[in-house]
Amino acid sequence: MTEASYDLIRSRAAPFNWRIAAIAAFTILVVAVAALVHVVPYGRAVWDFVFILDGAYRIGHGQIPHVDFSSPIGALTLYLTHFAERLFPGGQPFIGLHALAWLMVVPPFAVIASRIQSPWGFAASFAVLAVVVLVPYTLDPTMLSEISYFATYNRFATAILFLAALWYVLPKARGDGVLLGYLLTALIFIKITAAIAMLGLVVAAVLLGRARPTALFAMLFVAAALAGLVELATGGLVSGYLHDIVSMSALNRGGAVFRLAASSARNWLPLVVTITIVVLAARELDFTTAVRRPLNFARDTIAREAFVVDAALLVAVALAAESQNTGGVGLIAAAAVLFHPGLRTTRGWRLIAAAVLGATLVLPLADVVEKRLVSTFVRERQGTTDHAFTTFLPGMRVPPATLAGSRLMTRLQSEWLPYLDEIANNGFDLDGDPGSTSPATRAAWAVSVAEAGANFQRLGYATKAQRYTTIDFAESFPRLLGLTPARGTTLAMDFRRTVPAFSASEASAYLADADGVFFRTCILPGATDTNPATFRTVLEREFTRHKLHPCWDFYSRTR
């Protein structure tokens, strides 16, 4: 393993100054958009962003993630959203979140970009990073053109993993341990499974001779030191995070293998290409040497077939990380292999195979972005920000077709719930994303929240309680009405994924700090179940019910 022959500090002055200028100019543009754009398209899985907004709201009320409330995601996304709302008060927090995420990845990219020799390589890596971080689309089997609010943090994690993969294939330099420690810490507090995948990548780099052991130890030291500082500064965020991870792992026990298989099926083409490359390379090896001198054979093969070994490793790491995502951008993190130095001297089938592999890694996301971006702009021209849930989600432009569909879903929820139960039992899902009816169903939910919030204020129910929670997938009302969230609750109530099947005693304990509870009554079959029957029993026993809305009841604790 050879270190980079240039000095990173001096390299920013002459040969690479135009790259830094390009990064800086683009970053200024991103920040300007976050500050000036006040309208964002309504899209799919909007309540995935609602629970992030709730987390940011709780932070503004002095609550600490994983200490005062449980969270299925790392705290960094919540803090970025909180700061986005403060830094861009007139803008959209969704755009502000992406701007701050971009600011987070710019420093390590600026360091790594100086190691890419080709200007075209720099431009390509810059484009991949920008698309993954900033463009809100995910890879999924849907005909919908809306932008996706689904699992934004997964895209951020993929972007950081892409940077780690670039580090892996490019020349190394002194001080890489600090760079890696920064990336690993960011991943830990965004997506723990992606952090584990990155740790495996760095360990593999050391074992394969691609990096010095000191880089691994320095990375672990930096990450541990930063995590320790966070733990001390917050009074338990890291230990609380570990508790939430253990709890969710217990709920999802046995699911990792299934998700790996499902992700492999979705990403079958790059896997087939990778396996083909490995098989073709293996056919050229002299295995008689392996019998006589196995260690020398392994060492020589790793050196001679560096591109093949690294391609297989990066695809495996990207697959491991993506398999644990419920909404991602495929194996694009492995596209860093296209910047492998070995490709500069590669000829014949290896070069063709590299091009094919690169196409299977990059084109799926590029195709989705091109198709849905055009469709989104067309639909945007027909949309309106003057809709029934503008008080709940201000500045979202909603297409007329989605608003019309939400009115249909509202009527179905209020008049035909028994029949919807029947058809759901036969496999027809009106709610689940990426189903084509999902945006309209979520819009109907948002309308009901806005209407129930208005009724809450009109009826003066705020005098009946001081600390509030919601029995629904996401907390909606505290942020909407400026109420104090109860402690000890969760951001995302996803039955048997983020919360258990509550017993009556567990439900009572969950509500211990709350004296005001919003309870959703219009739950479409197929929607995220919150175990409502058990909570209804506890609420009827310990609280007083107040009719709020056809789809919502409000409960105040009986004094």
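What comes next concerns the included structure. None of these values were measured; they are calculated from a predicted model. (Residues numbered from 1 in each chain as written. Predicted model: local features only at pLDDT ≥ 70, side-chain atom pairs only at ≥ 80, totals over all residues. Heavy atoms only, no water.)

On to helix α23 (residues 532-542), then. Along α23, the residues classified as buried are T534, F535, V538, L539 and E542. All buried residues of α23 fall inside an arc of 130 degrees around its axis, so they share one side. Away from its buried face, by an angle of more than 90 degrees, α23 presents the exposed residues A533 and R541. Along its buried surface, α23 packs onto β4 (467-471), α22 (504-510), β7 (516-520), β8 (543-549) and β9 (552-557). (Buried < 20%, exposed > 50% of the residue type's maximum accessible area, 1.4 Å probe, protein only. Helix = DSSP H or I, 4+ residues; strand = E, 2+ residues; numbered from the N terminus. Arc of directions from axis to C-beta. Contact = heavy atoms within 4.5 Å.)

Another point: the layout of surface pockets. The space that makes up the second largest pocket amounts to roughly 660 Å³. Forming the boundary of the second largest pocket are 24 residues, of which V33, I95, L134, V135 and P136 lie nearest the centre. Taken together, the elements giving at least two residues each to the lining of the second largest pocket come down to α2 (17-36), β1 (40-41), α5 (93-113), α6 (119-134) and α17 (349-380). (1 Å grid on protein atoms, 1.4 Å probe; cavity = no way out; pocket = protein on both sides within 12 Å on 5 of 7 lines; lining within 4 Å. Points joined across faces, edges and corners; volume = space filled by probe spheres on them.)

Turning our attention to the state of the cysteines. Per the counting criterion, the structure on display carries one disulfide. Put simply, C522 and C551 are joined by a disulfide, and their sulfur atoms are 2.2 Å apart. Judged by the sign of its S-S torsion, about -85 degrees, the cystine formed by C522 and C551 is left-handed. Separated by 29 residues along the polypeptide, C522 in the loop between β7 and α23 and C551 in the loop between β8 and β9 bring together distant segments of the chain. Overall, C522 belongs to the buried group, its relative accessible area being 4%. (Disulfide = S-S within 2.5 Å.)

Before going further, it helps to examine the sheet that holds β9. Ordered by their spatial adjacency, five strands build an open sheet running β5-β4-β7-β9-β8, and the pairing between neighbours is mixed. What marks the edges here is a single partner per strand, and that holds for β5 (484-485) and β8. Across two bridges, the pairing between β4 and β5 is parallel. Paired with Y468 across the bridge in β5 is P485. In the packing of helix α20 (residues 438-459) onto the sheet, the strands contacted are β4, β7, β8 and β9, and the crossing angle to β8 comes to about 115 degrees. Contacts between α23 and the sheet are confined to β4, β7, β8 and β9, with β8 contributing the most and set at about 115 degrees to the helix. (Pairing = 2+ DSSP bridges. Axes fitted to C-alpha atoms, helices over the stretch in contact; angles between N-to-C directions.)

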